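Fold and geometry: a report
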Amino acid sequence: MPYIPHDAEETAAMLAAVGLSSLDALFDEIPSSLQVHDMALPEGLSERVLRRELEGRALSNSPLLCFAGGGAYAHHIPAIVWEIAARGEFYSAYTPYQPEASQGTLQVLYEYQSFITRLTGLEVSNASLYDGASGLAEACLMALRIQGSEKSILVPENLLPSWRKVLDTVLGMQQIRLIPVPYDARTGLLQLPTEAGDAAAMIIPQINAFGLLEAVDSLTDWAHAHGLLSIAVVNPLALAMLKAPGDWGEQGADIAVGEGQPMGIPLTGGGPYFGFLACRKAYVRQLPGRLVAKTVDARGREAYCLTLQAREQHIRRGKATSNICTNQGLMVTAATIHMATLGSHGLQETAQICHTRAQQLREWLKELPGVSFPHAGPFFHEWVLRLPVSAVKVRDALLGHGLLAGIPLQEWHMGEAGDLLVCTTELLEESDLLTYRDALHSVLEAQ
Amino acid sequence: MNYPQENSRQNAVTDSIFDHDHALPAPESPGDIPAELLRKTPLNLPNASELDVLRHYTRLSQKNFSIDTQFYPLGSCTMKYNPRIAHAMASLPGFARLHPDTPAPAMQGLLQVLWELQEWLAAATGMAAVSLTPAAGAQGELAGVAMIRAYHHARGDTARNKMLIPTAAHGTNPASAQMAGFEVIEIPNLPDGDLDMEALDAHLGPDVAGIMLTNPSTLGVFERRIAEIARHVHAAGGLLYYDGANLNAILGRVQPGQMGFDVMHLNLHKTFATPHGGGGPGAGAVAVQERLKPFLPLPTVTKAESGALRWMTAEDAPQSIGQLSAHGGNIGVLLRAHAYIRRLGRMGVGRVSAYAALNANYLLKELQKLGYQVAFPERRASHEFILSVSDLQQASGIRALDVAKRLLDFGIHAPTIYFPQLVPECLLIEPTETESKATLDRFVAVMAQIREEALAHPELLREAPHHLPVGRLDEALAARKLDVAAALS
Amino acid sequence: MSKIPESLRYSDTHEWVEDLGGGRYRMGITDHAQELLGDLVYAEVPEIGKTVKAGTVCGVLESVKAAADLYSPIDGKVLERNEGLSDNPQWLNEDPYGQGWIMVVSADAAAFDKLLDAAAYSAIEGA
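Residues numbered from 1 in each chain as written. Chains lettered and ligands numbered in written order. Predicted model: local features only at pLDDT ≥ 70, side-chain atom pairs only at ≥ 80, totals over all residues. Heavy atoms only, no water.

Brief notes about the packing of helix H13 (residues 400–409) of chain B against helix H14 (residues 437–456) of chain B
All names here are of chain B.
- At their nearest, the axes of H13 and H14 sit 10 Å apart, and the two run at 125 degrees to each other. Our classification of the angle between H13 and H14 gives oblique. The two elements H13 and H14 cross, and the hand of that crossing is right-handed. Along its contact with H13, which presents Val403, Arg406 and Leu407, the element H14 presents Phe443, Val446, Met447, Ile450 and Glu453.
- Here the residues of the contact of H13 with H14 are counted per class, giving six nonpolar, no polar and two charged. (Axes fitted to C-alpha atoms, helices over the stretch in contact; angles between N-to-C directions. Helix = DSSP H or I, 4+ residues; strand = E, 2+ residues; numbered from the N terminus. Parallel < 35°, antiparallel > 145°, perpendicular 65-115°, else oblique. Left-handed = near helix turned anticlockwise from the far one by under 90°. Contact = heavy atoms within 4.5 Å. Nonpolar A, V, L, I, M, F, W, Y, C, P; charged D, E, K, R; others polar.)

Have a look at this one:
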């Protein structure tokens with residue numbers, strides 16, 4: 001029996017100890033009309049055959065050179081990251097409710113929180129949330145709690161559309177209105193809103209959905225001048241190069257949130273990733289999710305524990321700051337090891353390579369007839385390429401060349417039919433960029 | 001270079017990653033980005049050597065208890081063995097390197113796995129359809145209660161703003177209902193553990209959207225009148241939500257669909273053996289009866305007549321409650337759950353609850369023989385059971401917390417304590433089906449010793465643990481001075 | 001046994017009230033309340049100028065393992081609050097009737113008179 005160790009003799013001895021004659025008798029309190037004895041499941045497989053079947057499935061997903069971003073990024077993950085994160089002591093532990101038996105996980109989370117506060121330039125980080133998009137929804141709810149009576153949030157129209165959908169789902173449940181902040185179609189950049197209305201906060205994405213860098217200082221200052229909190233949406237790797245939310249504008253952003261996947265998390269078709277959420281210390285009691293603090297034990301030894309648990313669902317129940325129980329512990333363990341392995345230096349170097357590749361590819365694609373770049377503003381590692389033909393068709397044709405060429409903006413109901421969002425990371429060598437140029441050239445010629 | 005002082009770090013207890021910094025130059029700033037958009041405050045993450053990083057985190061891992069190293073009878077958490085083959089399969093490059101925006105024709109292998117898992121979870125629960133996207137149990141609950149609301153609203157029944165929840169329920173239930181905008185009404189449990197039907201009937205009415213139940217309940221016993229509860233709630237126009245936290249107790253034996261539940265979530269990280277990872281990632285798939293299918297969260301996987309698989313979108317399912325995360329959920333976790341079910345198969349899945357219940361009932365009897373008090377002695381235990389040490393508290397002032405901490409000294413993780421809140425000084429014990437009789441017998445022997453100690457040498461328990469990297473913590477200090485990030489040196 | 005000073009009045013939600021004269025009343029939580037809650041780590045106290053109503057929630061008290069709503073014992077308006085509590089929540093445990101006071105409100109003498117005296121509070125606390 002897979003993973004059930006009992007032999008017949010042991011089963012009989014245990015049943016006898018309980019005073020029963022069969023396993024079925026263990027369910028004697030359950031009305032027999034409710035009991036089932038079979039399910040439409042396939043027969044079990046040996047580990048050997050299971051591996052063969054799943055390796056076949058994995059191989060049938062075409063291996064592609066990745067030029068797609070849009071919130072999920074193909075980065076190099078040093079070998080030690082998952083070697084350590086997948087150790088059984090991290091992998092198969094529960095939430096650290098017994099701190100004496102969980103100092104490993106707790107110290108990792110404390111170091112994670114420390115790294116995130118340094119990346120974002122804010123004072124407090126929680127121990128992570130499900131993903132960036134749901135983290136943004138939590139950040140909005142947090143801003144509404146801080147502000148008290150307001151009932152809406154200013155949401156840029158150049159926020160990633162998948163994130164916008166999550167806001168619609170989660171904030172919609174509580175009748176919170178999302179007020180759109182339009183962008184200039186020519187530049188792709190946000191326009192300062194005309195009024196704040198009854199909004200509690202403004203979301204400011206740095207980088208926006210077109211890969212462009214926003215004028216975060218003036219946006220933050222506008223939000224504060226109108227009594228709003230500013231919620232920074234940021235890419236953690238880009239923060240190695242770009243201004244930290246804590247330094248935005250005169251006073252800095254109030255809350256920073258983002259998708260943690262670029263920090264050592266494999267793409268895996270969309271998850272599990274993790275969301276990070278940081279804020280000013282004054283708002284810590286409105287911060288949702290787990291929080292780890294340093295303290296001492298009875299003998300004065302340094303130690304770590306979960307803190308401010310009274311905010312959480314298992315104590316406050318219906319009055320909790322959020323219904324969230326878990327963080328994304330294992331993902332955060334990997335991300336912490338990833339950040340520690342790269343250090344400031346490695347993160348800055350990686351960010352720079354991503355950026356240089358994006359500049360280089362853009363230069364090379366300029367040579368192709370009929371292609372253009374609709375936006376002139378600065379970018380990090382992602383930009384929109386405008387093709388003379390349908391970007392969906394070109395993307396599909398390039399699959400045949402072993403390339404995931406980008407994300408057609410039409411699939412997001414944004415931009416024009418020829419717009420393709422292209423991303424480069426340090427995983428792409430210069431030769432890959434040339435492959436991309438040549439393949440795109442031949443596909444465009446064939447159209 | 002920073003050399004940490006060895007004498008200040010007894011047995012490396014205070015080893016910090018920030019002790020391993022090396023001075024490395026920052027790279028030059030790019031010329032094409034305006035200066036006001038570039039980083040101003042130095043980044044200041046430590047630049048450690050790879051070997052130092054490896055040692056630091058390996059040593060930290062050794063300070064953890066885990067299923068892979070200790071018996072972990074944590075009630076309501078189902079700490080069963082997480083098969084390593086599931087991890088190996090989820091880590092295959094063909095899955096791990098897939099970008100979420102890969103067009104469906106180039107990710108058929110993954111979609112096939114997810115589609116099968118949807119089908120299998122529906123079959124295992126007796127429900128009509130499944131969405132795999134919720135990232136954890138709590139998000140599954142949120143999706144579930146949102147679907148209940150969407151269902152009522154779609155019928156023009158907009159006055160149902162109350163959600164009934166037993167007093168003994170997990171704290172997430174009321175928190176999720178609240179987050180979805182419902183008013184929470186608590187329904188008490190009777191002394192024998194069953195729900196108070198009179199109180200239920202008194203609250204049912206045109207303003208009640210539904211009831212959230214766990215069965216077996218958090219009290220570790222099966223709700224015997226579930227069919228009657230379902231009849232009453234349905235007759236009043238409400239729906240029944242099943243919290244899958246305790247599904248391991250009935251997997252392969254009773255199906256939520258058959259009990260009359262309309263919508264439920266599954267904790268794949270409990271019942272389907274995916275790792276808890278020190279607090280996530282989980283996966284909280286939701287399953288529904290036919291009439292709630294249009295409201296399932298997106299995206300789900302759908303199969304065309306040609307056999308081709310693709311993600312469903314809002315155009316396919318306009319009544320969906322929407323998206324809960326940016327992509328398709330915690331797919332790496334779903335891959336592990338799929339591998340687990342495929343490995344066990346029909347027979348293996350069918351055996352899970354029987355052996356989970358055997359282990360729980362065996363432990364209960366053996367601990368009872370030692371003199372431990374069982375919260376519901378007249379009831380059959382499900383996959384878990386509750387002890388109360390109120391008698392020890394009266395005899396020598398020993399509390400459940402002290403017993404829990406002393407267990408750690410013997411290399412056994414503590415059971416859940418002080419939950420459910422209805423039972424004073426309680427320990428909620430869930431051994432799971434993957435533990436052998438020998439492990440359970442050792443636990444019994446340790447509990448026997450602890451009981452003797454509690455009466456003869458209570459200070460041994462009150463000061464426990466003695467043999468771990470740290471002793472009991474000053475949690476008040478942690479919250480009062482609030483050091484939650486390392487200060488810049 | 002917890003301390004119940006004779007000079008104070010009490011609510012059945014375990015707050016004490018002291019008559020400072022001139023329609024000003026100081027309030028806090030009782031010794032019994034702090035014992036029940038355990039080590040307090042945070043007090044959320046209503047802002048100065050805010051109107052509070054008897055028997056309704058006006059703040060939150062957090063201990064390591066619990067959170068409890070703070071009820072106002074009388075109708076009134078907040079005149080002062082104990083600003084020291086934010087850095088020293090342990091005062092609520094160490095000296096609930098002195099350094100651990102929570103706020104001063106302006107209120108009617110009639111409302112004060114309706115509160116429990118020490119003997120009456122002692123009876124419900126023991127119950």
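That was the structure; now back to the text.
A look at the side chain of Asp419 of chain A
Residues and elements named next belong to chain A.
- Residue placement: Asp419 occurs in strand E14 (residues 419–423).
- On the accessibility criterion, Asp419 (2% relative accessible area) is buried.
- A polar atom in the side chain of Asp419 sits 2.9 Å from the backbone nitrogen of Glu416.
- Setting aside its immediate chain neighbours within four residues, Asp419 contacts Pro374, Val384, Leu385, Arg386, Ala391, Ile407, Pro408 and Leu409. (Buried < 20%, exposed > 50% of the residue type's maximum accessible area, 1.4 Å probe, protein only. Polar contact = N/O pair within 3.5 Å; in protein donor to acceptor, adjacent residues only side chain to side chain.)

Focus on the domain arrangement of chain A
Residues and elements named next belong to chain A.
- According to the domain assignment, chain A consists of domain 1 (65–74 + 343–446) and domain 2 (79–337).
- For the pairing of domain 1 and domain 2, the buried interface totals around 2,000 Å² over both sides, and the portion due to carbon and sulfur atoms is 74%.
- A per-residue breakdown of the area domain 1 buries against domain 2 is headed by His375, Phe380 and Met414, which together make up 29% of the total.
- Counting the contacts that link domain 1 with domain 2 gives zero salt bridges.
- Between domain 1 and domain 2 we count two residue pairs in polar contact (both at pLDDT 80 or more) in total.
- Put simply, the parts of the chain that give the side of domain 1 that touches domain 2 at least two residues each are helix H10 (329–366) and strand E11 (382–386).
- Top contributing element to the side of domain 1 that touches domain 2 by residue count: H10, with seven residues. (Domains from an automatic or database assignment. Buried area = accessible area lost by both parts, 1.4 Å probe. Salt bridge = Lys/Arg side-chain N within 4 Å of Asp/Glu carboxyl O.)

Considering the interface of chain B and chain A
- Counting residues at the interface gives 193 residues for chain B and 178 residues for chain A.
- Together chain B and chain A conceal approximately 16,000 Å² of surface at their shared face, both sides included; 61% is due to carbon and sulfur atoms.
- Applying the counting rule to chain B against chain A returns eight salt bridges.
- The closest approach of N and O atoms between Glu43 of chain A and Arg346 of chain B, which form a salt bridge, is 3.0 Å.
- There are 86 residue pairs in polar contact (both at pLDDT 80 or more) connecting chain B and chain A.
- Per-element tally for the side of chain B that touches chain A: the top contributor is helix H11 (residues 331–369) of chain B, with 28 residues.

Some remarks on the UniProt feature "domain: Lipoyl-binding" (unreviewed entry) in chain C
- In this numbering, the UniProt entry assigns the feature "domain: Lipoyl-binding" (unreviewed entry) to residues 24–106 of chain C.
- Secondary structure across residues 24–106 of chain C comprises 13% helix and 42% strand; the distance between its end C-alpha atoms is 5 Å. (UniProt positions renumbered as here; feature names shortened; annotations may be inferred.)

Details of the sheet that holds strand E7 (residues 286–288) of chain B
Residue and element names in this part refer to chain B.
- Taken in spatial order, the seven strands make up an open sheet running E1-E7-E6-E5-E4-E2-E3, and their pairing is mixed. Where the open sheet ends on each side, the last strands, each with one partner, are strand E1 (129–131) and strand E3 (183–187). Across the sheet, the mean angle separating the axes of adjacent strands is 25 degrees when strand polarity is ignored.
- In this structure, strand E5 (residues 239–244) lies alongside strand E6 (residues 263–266), joined through four bridges in parallel fashion. Bridge assignment links Asp243 to a residue of E6, and that residue is His265.
- Its contacts with the sheet put helix H4 (residues 108–125) on E1, E6 and E7, and the angle it makes with E1 is roughly 125 degrees.
- Against the sheet, helix H5 (residues 137–154) engages strand E2 (162–166), strand E4 (208–213), E5, E6 and E7, with an angle of about 170 degrees to E5. (Pairing = 2+ DSSP bridges.)

Digging into the pairing of strand E9 (residues 103–106) of chain C
All names here are of chain C.
- Where strand E3 (residues 24–29) meets E9, four bridges bridge the pair, whose relative direction is antiparallel. Across the sheet, the residue bridging to Tyr25 is Val105, located in E9.
- In terms of strand pairing, strand E8 (residues 76–81) meets E9 through four bridges, oriented antiparallel. Paired with Val78 across the bridge in E9 is Val105.

Some details on the UniProt feature "modified residue: N6-lipoyllysine" (unreviewed entry) in chain C
All names here are of chain C.
- Mapped onto this numbering, the UniProt entry annotates "modified residue: N6-lipoyllysine" (unreviewed entry) at Lys65.
- Position of Lys65 relative to the elements: it lies in the loop between strand E6 (57–63) and strand E7 (67–71).
- By relative accessible area, Lys65 is classed as exposed at 53%.

As for the nonpolar core
- Core analysis: the biggest nonpolar cluster contains 176 residues, and Leu136, Ile153, Leu167, Ile203 and Ile231 of chain A together with Tyr57 of chain B have the highest contact counts within it.
- Broken down by element, the residue count for this core peaks at 12 residues, all from H10 of chain A.
- Residues within four places of Leu136 of chain A in sequence aside, it is in contact with Leu159, Trp163, Leu167, Ile203, Ile231, Val233 and Val257 of chain A.
- Counting 134 residues, the second-largest nonpolar core is a separate cluster that includes Leu200, Tyr242, Ile250 and Leu268 of chain B. (Core = buried A, V, L, I, M, F, W, Y, C linked by side-chain atoms within 4.5 Å.)

Focus on the packing of helix H1 (residues 8–18) of chain A against H11 of chain B
- It is at 9 Å that the axes of H1 of chain A and H11 of chain B come closest, and there the two elements cross at 50 degrees. Classified by the angle between their axes, H1 of chain A and H11 of chain B sit oblique to one another. Regarding H1 of chain A and H11 of chain B, the two cross each other, and that crossing is left-handed. Taking contact as the criterion, the partners of Thr11, Met14, Leu15, Ala17 and Val18 of chain A in H1 of chain A are, on H11 of chain B, Tyr355, Leu358, Asn359, Asn361, Tyr362, Lys365 and Glu366 of chain B.
- Here the contact of H1 of chain A with H11 of chain B is composed, by residue class, of seven nonpolar, three polar and two charged.

Description of the environment of Gln139 of chain B
- The topology assignment puts Gln139 of chain B in helix H5.
- Along the backbone, Gln139 of chain B and Ala285 of chain B are 146 residues apart, and their C-alpha atoms lie at a distance of 8.9 Å.
- Apart from the residues lying within four places of it in its own chain, the contact partners of Gln139 of chain B are Tyr130, Ser134 and Asn323 of chain A together with Thr133, Pro134 and Leu324 of chain B.
- At 2.7 Å, the side chain of Gln139 of chain B forms a polar contact with the backbone nitrogen of Ala135 of chain B.

Here we look at the pattern of salt bridges
- Inspection of every chain in the model, using the stated rule, returns 47 salt bridges over all chains.
- With a closest N to O distance of 3.1 Å, Glu53 of chain A and Arg342 of chain B form a salt bridge. On the criterion of chain membership, the pair formed by Glu53 of chain A in helix H2 (residues 47–60) and Arg342 of chain B in helix H11 is interchain, its members lying in two chains.
- For Glu53 of chain A, a relative accessible area of 23% corresponds to the partly exposed category.

Overview of unusual backbone geometry
- Here Gly271 of chain A and Pro272 of chain A are connected by a cis peptide whose omega angle stands at 0 degrees.
- The amide bond that connects Gly280 of chain B to the next residue, Pro281 of chain B, takes the cis arrangement and shows omega of 0 degrees.
- Here Pro281 of chain B lies in the loop between helix H10 (268–271) and E7.
- If you check the backbone angles, Asn44 of chain B has positive phi at about 60 degrees while not being a glycine.
- Here Asn44 of chain B shows up in the segment before helix H1 (50–61).
- Despite not being glycine, Tyr418 of chain B has its phi angle at roughly 60 degrees, a positive value.
- Relative to the helices and strands, Tyr418 of chain B resides in the loop between strand E12 (416–417) and strand E13 (426–429).
- Overall, Tyr418 of chain B belongs to the partly exposed group, its relative accessible area being 27%.

A word on the sheet that holds E7 of chain C
Residue and element names in this part refer to chain C.
- Strand order in the open sheet formed by three strands is E4-E6-E7, and the pairing between neighbours is antiparallel. In the strand order of this sheet, the two ends are held by strand E4 (40–44) and E7, each with one partner. This sheet shows a mean twist of 25 degrees between the axes of neighbouring strands, independent of strand direction.
- Summarising the sheet, E4 and E6 pair through four bridges and their orientation is antiparallel. Within E6, the position partnered with Ala43 by the bridge is Leu61.

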